[in-house]
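One letter stands for each residue in the lines below.
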Amino acid sequence: MSNVVSLDGILGVGELKSAALTSKGASGCASSSCGSSSGPSDLPADVWEKVKNHPCYSEEAHHYFARMHVAVAPACNIQCNYCNRKYDCSNESRPGVVSEKLTPEQAAKKVLAVAQEVPQLSVVGIAGPGDSLAAQGNNTFRTFDLIAKSAPDIKLCLSTNGLALPDHVERIKGMNIDHVTITINMVDAEVGERIYPWIFYDHKRWTGRDAAQILHERQMEGLEALTSAGILVKVNSVMIPGVNDQHLVEVNKAVRERGAFLHNIMPLISDPAHGTHFGLTGQRGPTAQELKALQDQCEGDLKLMRHCRQCRADAVGLLGEDRGGEFTADKVEAIAVNTDDEARRLYREHVEVERAERHASKAAAREEVAESVAADVAPILIAVATKGGERINEHFGHATEFQIYEVGTSGAKFVGHRRVDTYCEGGSGDEDALEMVLNAIGDCTAVFVAKIGACPKEKLSKAGIEPVDGFAFDYIEESALTYFKAHAERAAQGAVQSRTGRDAVLRPAEPVARRA
Amino acid sequence: MAYKIKGAECTACGACEAECPNNAISFKKGTYVIDPATCTECNGQFSSPQCASVCPADCCVPA
Ligand code: SF4
Ligand code: SF4
Ligand code: SF4
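Residues numbered from 1 in each chain as written. Chains lettered and ligands numbered in written order. Predicted model: local features only at pLDDT ≥ 70, side-chain atom pairs only at ≥ 80, totals over all residues. Heavy atoms only, no water.

Focus on the overall build of chain B
Next, step 1: Each helix and strand in chain B was counted, giving 2 helices and 4 strands.
Next, step 2: The order of α-helices and β-strands along chain B, N terminus first, is β-α-β-β-α-β.
Next, step 3: Taking all 63 residues of chain B together, 51% fall into the buried category.
Next, step 4: At a minimum sequence separation of 6, the contacts of chain B that also span at least 24 residues come to 58%.
Next, step 5: Of the roughly 3,200 Å² of accessible surface on chain B, a fraction of 52% belongs to carbon and sulfur atoms. (Helix = DSSP H or I, 4+ residues; strand = E, 2+ residues; numbered from the N terminus. Buried < 20%, exposed > 50% of the residue type's maximum accessible area, 1.4 Å probe, protein only. Contact = heavy atoms within 4.5 Å. Areas by Shrake-Rupley, 256 points an atom, 1.4 Å probe, with all protein chains shown as cover.)

Thoughts on the site of ligand 2
Next, step 1: Near ligand 2 the following residues occur: B:C20, B:P21, B:N22, B:I25, B:I34, B:C39, B:T40, B:E41, B:C42, B:P49, B:Q50 and B:C51.
Next, step 2: Of the residues assigned to the shell around ligand 2, the class counts are 8 nonpolar, 3 polar and 1 charged. (Near = heavy atom within 4 Å. Nonpolar A, V, L, I, M, F, W, Y, C, P; charged D, E, K, R; others polar.)

Brief notes about the environment of A:C298
Next, step 1: Structurally, A:C298 can be placed in helix 12 (residues 288-298).
Next, step 2: Distance from A:C298 to A:H263, taken between C-alpha atoms, is 8.9 Å for residues 35 residues apart in sequence.

Observations concerning unusual backbone geometry
Next, step 1: In this structure, A:H203 is a non-glycine residue whose phi angle is positive, near 65°.
Next, step 2: Relative to the helices and strands, A:H203 is located in the loop between strand 6 (198-201) and strand 7 (204-207).
Next, step 3: Relative accessible area serves as the criterion here: at 29%, A:H203 is assigned to the partly exposed category.
Next, step 4: Notably, B:N23 is not glycine yet its phi reads approximately 50°, a positive angle.
Next, step 5: By secondary structure assignment, the location of B:N23 is in the loop between helix 1 (15-19) and strand 2 (25-28).
Next, step 6: Note on B:N23: relative accessible area 66%, which makes it exposed.

Section: helix 14 (residues 342-372) of chain A
Next, step 1: Between its first and last C-alpha, helix 14 of chain A extends 46 Å over 31 residues, near the 45 Å set by a 1.5 Å rise per residue.
Next, step 2: Considered for burial, the residues of helix 14 of chain A that qualify are A:R344, A:Y347, A:R348, A:V351, A:E354, A:R355, A:R358, A:K362, A:A365 and A:V369. (Expected span 1.5 Å × (residues − 1).)

Considering the pairing of strand 2 of chain B
On a regular strand, one side chain projects to one face of the sheet and the next to the other, so that they alternate.
Residues and elements named next belong to chain B.
Next, step 1: In this structure, strand 2 lies alongside strand 3 (residues 31-34), joined through 4 bridges in antiparallel fashion. By the bridge assignment, F27 is partnered in strand 3 with Y32.
Next, step 2: The turn joining strand 2 and strand 3, which pair antiparallel and follow one another in sequence, is formed by 2 residues; a positive phi near 50° is taken by K29. (Pairing = 2+ DSSP bridges.)

Observations concerning the sheet that holds strand 17 (residues 446-448) of chain A
Residue and element names in this part refer to chain A.
Next, step 1: Read from one edge to the other, the open sheet built from 5 strands follows the order 14-13-12-17-18, with strand pairing classed as mixed. Both outer strands of the open sheet, strand 14 (411-419) and strand 18 (466-468), are each paired with one neighbouring strand and no more. The sheet shows a mean angle of 25° between the axes of neighbouring strands, direction not considered.
Next, step 2: As defined by bridge partners, strand 12 (residues 380-384) adjoins strand 13 (residues 401-408) across 5 bridges and the pair is classed as antiparallel. Bridged to I382 within strand 13 is Y405. (Axes fitted to C-alpha atoms, helices over the stretch in contact; angles between N-to-C directions.)

Here's the deal with the packing of helix 7 (residues 165-174) of chain A against helix 9 (residues 208-228) of chain A
Residue and element names in this part refer to chain A.
Next, step 1: For the pair helix 7 and helix 9, interaxial distance at closest approach is 8 Å and the crossing angle is 15°. Here helix 7 lies roughly parallel to helix 9, going by the angle between them. The chirality of how helix 7 crosses helix 9 is right-handed. Where helix 7 abuts helix 9, its residues L165, P166, D167, V169 and I172 lie against R218, E221, G222, L223, A225 and L226.
Next, step 2: For the contact of helix 7 with helix 9, the per-class residue count stands at 7 nonpolar, 1 polar and 3 charged. (Parallel < 35°, antiparallel > 145°, perpendicular 65-115°, else oblique. Left-handed = near helix turned anticlockwise from the far one by under 90°.)

Here we look at the packing of aromatic side chains
Residue and element names in this part refer to chain A.
Next, step 1: All chains considered together, the criterion is met by 4 aromatic pairs over all chains.
Next, step 2: Ring geometry for F396 versus F402: centroids 5.8 Å apart, planes at 40°, classification tilted. Both residues of the pair, F396 and F402, belong to the buried class.
Next, step 3: Judged by centre distance (5.5 Å) and plane angle (75°), the ring pair of F448 and Y483 falls under edge-to-face. Of the two residues, F448 sits in strand 17 while Y483 sits in helix 17 (residues 476-492), which places them 35 residues apart along the sequence.
Next, step 4: Here F448 falls in the buried class, since its relative accessible area comes to 0%.
Next, step 5: Take Y483: its relative accessible area is 5%, and that puts it in the buried class.
Next, step 6: By way of ring pairs, the aromatic residues F448, F471 and Y483 are connected into one cluster.
Next, step 7: Against the face of W198 rests R205, its NZ or CZ located 3.8 Å from the ring centre. (Phe/Tyr/Trp six-rings, centres within 6.5 Å; stacked < 30°, edge-to-face > 60°. Lys NZ or Arg CZ within 6 Å of the ring centre and 35° of its normal.)

In C-alpha cells:
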C-alpha cells in the first residue's frame, strides 16, 4: 500500500477541512467517490474533453470535482405529480427542503465565495427550484452572465423540463453553455397525462393529453436543436413503477436517436409527507433491483449515468456531499471574494496526472481477471465504504452511503449508491442502524471497508455479506477485481455458493432542515 | 374588476409576475401582490387571466 495519501491530502484541501465543516447537516460522505468505468475509452474524444471535469456527467470526474447549484429560478411552467411546489423541483432535487432563493447578484457572489474555498469546483448549474427557463429564463441568464464575467473558468449548465427550451436555444448557444439537462419522463401523451396534470404554454393552461403532447413535442424539438448545435444534452428520467417504468426503454431509444449523450434514470422518491400527488396517492418508488434491471436494459450505446445523487437545487460540493449550509446568503455576504483562479488551476493539473496513472493500473487489473477467470463466472455486487479519491477509505460505522460495484470478467463497474444512516454514532453501534445497512446492501457479496468493529463484522457474515478490510486505503476498482479473482477460485472449488441475495431498499438522505 | 393573490397560499415563486401583461404584480413584504388599479383581468389581451393560469398554488383569484 504505497498510495495511502489521498488526492485531497496531497493538495491540503478537503479531508480535514471538509470533515470539520460537514459534520453537521451534510447529507453524504465528505467527498464522494466511486471507481469508474467512464473514461476516454467510453466516449468520443470531443465529448470526453467537454465532460471530463464535470462531476454529473463523467463518473470519473465525480470523484474529483465539485458542482454547485444556485437556486435563482423559483417559477415553473408545468405541474408534475411528483413535485410539491412548496419545495424544490424534484426533477433535480429531493422534495422536502426549501432552497434559499437567491437573486442573480447574490448567486454570482456565492459562486465566487465557493470557488475560493473549494478548488474542486468546476461546474455551476441552475436547476430550479422551479424550471430554469420559466419566466423567460431571466434570472438564469442574468446569473450566467455575471459568472462568465467573474469566473470564466467555471463551466455552466442548466436543467429544464424542456417546455420553454426551443425558445431559448439561440441564447444558450450565445452564452457558451455547453451542457443542458432535460427531464424527459415519456414520449407518449397517454403516459404523460398520468405524470403531468397541466402545463402553461402559449398564454394558456393546458391539461390532460393535450398538455402532455405539447410538452413532448417541445422536449424533442429542444433536444434536437441543442444536439445539432453541438451542445451536450443529458436526459434525466424519473422511474415511476406502473406508470412509465417499461416505457422508459422507449424514451431511451427516442433520446438516443436525437443525440443525447447520457441518460440518467432516477428512482421516484415518494413519501406522503412530501405532499406530492404521487406521495399522497401512495404511488411507490422502485426498489434497487427494479431500478438496476431497467438501467441494465437501457444500457446500450448510450451511456447511462448511475451516480446521480438527485441533489438539491442549492447543493454545493462533491456529489454525495452538500456543503450548502456553509454558504447561506448571510455567510456569503461576510466573505470577501476575489477572482483569483490559481488554486483551481493547480488542482486541475494535479488531477490530470493522477488520472493517467489510474487508467493504466485499472486496465492491468482488468486484463488479469480476463485472463485468469473463466468467462462463465457470474458477476457479483460489492458495497464499498469510501470518502473519495476512488479509494476504500471509510470506516464501516461512519459510512453514510455505500457505493455499489458490479464486478465480473468484463471488469468492475459502478452501478449505484445506497444511502444509510451512520451505523456508529459517537462510538457505539446501534442495532436498528445495522439492520438498515443490511437491508441496503443485502444483494451484495462483500462489503469493502477501511475498518470495521467485531460485532458488525459477525452480523454481516451471518447475513451472507463478507466484510473485507484487507483492501483498506487501496483503490476500489483494482481491489474489487482482485477480490473477484479470488472469489472465482473459491467458487470453482465449491467453497462459496453463488448468491442472488435479497432486493435492497432505496432511500433518500435525511433532508437537511433549512429555512424557507 | 381585478384579481388578487391569497397571500397565505402563495409560494412566492414569481411565475405570475413574469406573465402579467400589465406589470400589475410585484413583490412586497415576503409575498406577491396585485395592484388592483393596474390589473385588467387580462381582458382583451388573453383568453384567461395569466396569473391564475400559471400559478401552481391556484391562489390568484377574482378580488
Ligand atoms: S442532481 Fe444529478 S445531475 Fe444534478 S448535480 Fe446532482 S448528481 Fe449531478
Ligand atoms: S389578471 Fe392579468 S392583468 Fe391582472 S394581475 Fe393577473 S395577469 Fe396581471
Ligand atoms: S404564481 Fe402563484 S404562487 Fe407563484 S408568486 Fe404568483 S401567486 Fe404566488
